[in-house]
Amino acid sequence: MEQLLRTELRTQTLRAFGSPGAGGISEGRAYDTDQGPVFVKVNRRPQARQMFEGEKASLEALRSTGLVRVPQPIKVIDLPGGGAAFAMEYLKMRSLSRCVRVSVHACVNEWQEDWPTFFTRHRLQAQLDLIEKDYADRETQELWSRLQVKIPDLFGGLEIIPALLHGDLWSGNVAEDHEGPIIYDPASFYGHSEFELAIALMFGGFPKSFFTAYYSKIPKAPGFDKRLQLYQLFNYLNHWNHFGREYRSPSLCIMRKLLK
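As annotated in an unreviewed UniProt entry, the protein chain carries the name protein-ribulosamine 3-kinase and comes from Chrysochloris asiatica. The protein chain has a UniProt comment under Sequence similarities (unreviewed entry) that states "Belongs to the fructosamine kinase family."

**Q** Explain unusual backbone geometry residue by residue, including any values.
**A** For Arg-10, which is not a glycine, the phi torsion comes out positive at approximately 55°. Structurally, Arg-10 can be placed in the loop between α1 (2–9) and β1 (14–22). Backbone geometry places Asp-185, a non-glycine residue, at a positive phi of 50°. Along the chain, the position of Asp-185 falls in the loop between β8 (180–183) and β9 (189–191). Residue Asp-185 is classed as buried on the basis of its relative accessible area of 13%.

**Q** Describe in detail the pattern of salt bridges, supporting the description with residues and values.
**A** Summed over all chains, the structure comprises 16 salt bridges. Salt-bridge contacts for Asp-185 lead to Lys-41; the nearest nitrogen and oxygen are separated by 2.8 Å. With a relative accessible area of 8%, Lys-41 lands in the buried category. The shortest N-O distance in the salt bridge between Arg-256 and Glu-139 comes to 2.6 Å. On the criterion of sequence distance, the pair formed by Arg-256 in helix α8 (residues 248–259) and Glu-139 in helix α4 (residues 138–147) is long-range, its members being 117 residues apart. Exposure remark for Glu-139: the relative accessible area of 34% places this residue in the partly exposed category. Three or more residues joined by partner-sharing salt bridges are found here, namely Asp-137, Glu-139, Arg-248 and Arg-256.

**Q** Run through the nonpolar core, naming residues and quoting values.
**A** The biggest cluster of nonpolar side chains holds 51 residues, and the ones touching the most others in it are Trp-115, Phe-119, Leu-124, Phe-195, Leu-230 and Leu-233. In terms of residue count, the dominant contributor to this core is helix α7 (residues 224–243) (9 residues). Sequence-distant contacts of Leu-233, that is, excluding residues within four places in its chain, are made with Leu-124, Leu-147, Ser-251, Ile-254, Met-255 and Leu-258. With 11 residues, the next largest nonpolar core counts Leu-5, Leu-9, Val-38 and Val-40 among its residues.

Scoring rules and cut-offs
Residues numbered from 1 in each chain as written. Predicted model: local features only at pLDDT ≥ 70, side-chain atom pairs only at ≥ 80, totals over all residues. Heavy atoms only, no water. UniProt positions renumbered as here; feature names shortened; annotations may be inferred. Helix = DSSP H or I, 4+ residues; strand = E, 2+ residues; numbered from the N terminus. Buried < 20%, exposed > 50% of the residue type's maximum accessible area, 1.4 Å probe, protein only. Salt bridge = Lys/Arg side-chain N within 4 Å of Asp/Glu carboxyl O. Core = buried A, V, L, I, M, F, W, Y, C linked by side-chain atoms within 4.5 Å. Contact = heavy atoms within 4.5 Å.

Below, the structure is given as structure tokens:
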């Protein structure tokens, strides 16, 4: 592994520092190199390159806005025997001031003419297909058959301007250093700005001032609370697929609420 990194990163120096990090998806380690410190994420799954290429593209898109700081991506590296590594700029981060953490990296999806179609097909239906494959959960499919026809009604009269989203904006994917806030581990795509708030509200860690500032820029549109539940449904389904049946109950609970 170390010789591979030396070759791919074109460095003689490769000295690990700090403690190895283990997340819900990948492992990570920081290294000193000839070009400065880097952070390397490793995943041994067959789809790791696709996942890391998605993360790399997400970081590049977010950096291109010039509006938010993210680590600079360096390279995706195939590993012997399967899997991949992703090298990026190392940033010495700490938890956000007054803000206290699973990551899902989006695959490239085809463009849709409207947001409800994109979200239904490429987010909700994609997660439910995986649940059907692994669990064959009859109650979930029955609720979904009733819910999906109601989704367009939640967006009636709403103008949606596509926004570049982080895609997984929970408190474990934000931090700061001496220069200010940083976001990382994105799963970016273009979509409805409200989507970003669902997971931010689900697991806590963001102060009230964060949401106050957000709503001052983009006020809540009619039907916001119901759509928020719909976006949180995606996150619960996604967690069910990654971490198991403990997320079945909250997934079904939100589906029933949306059907009322």
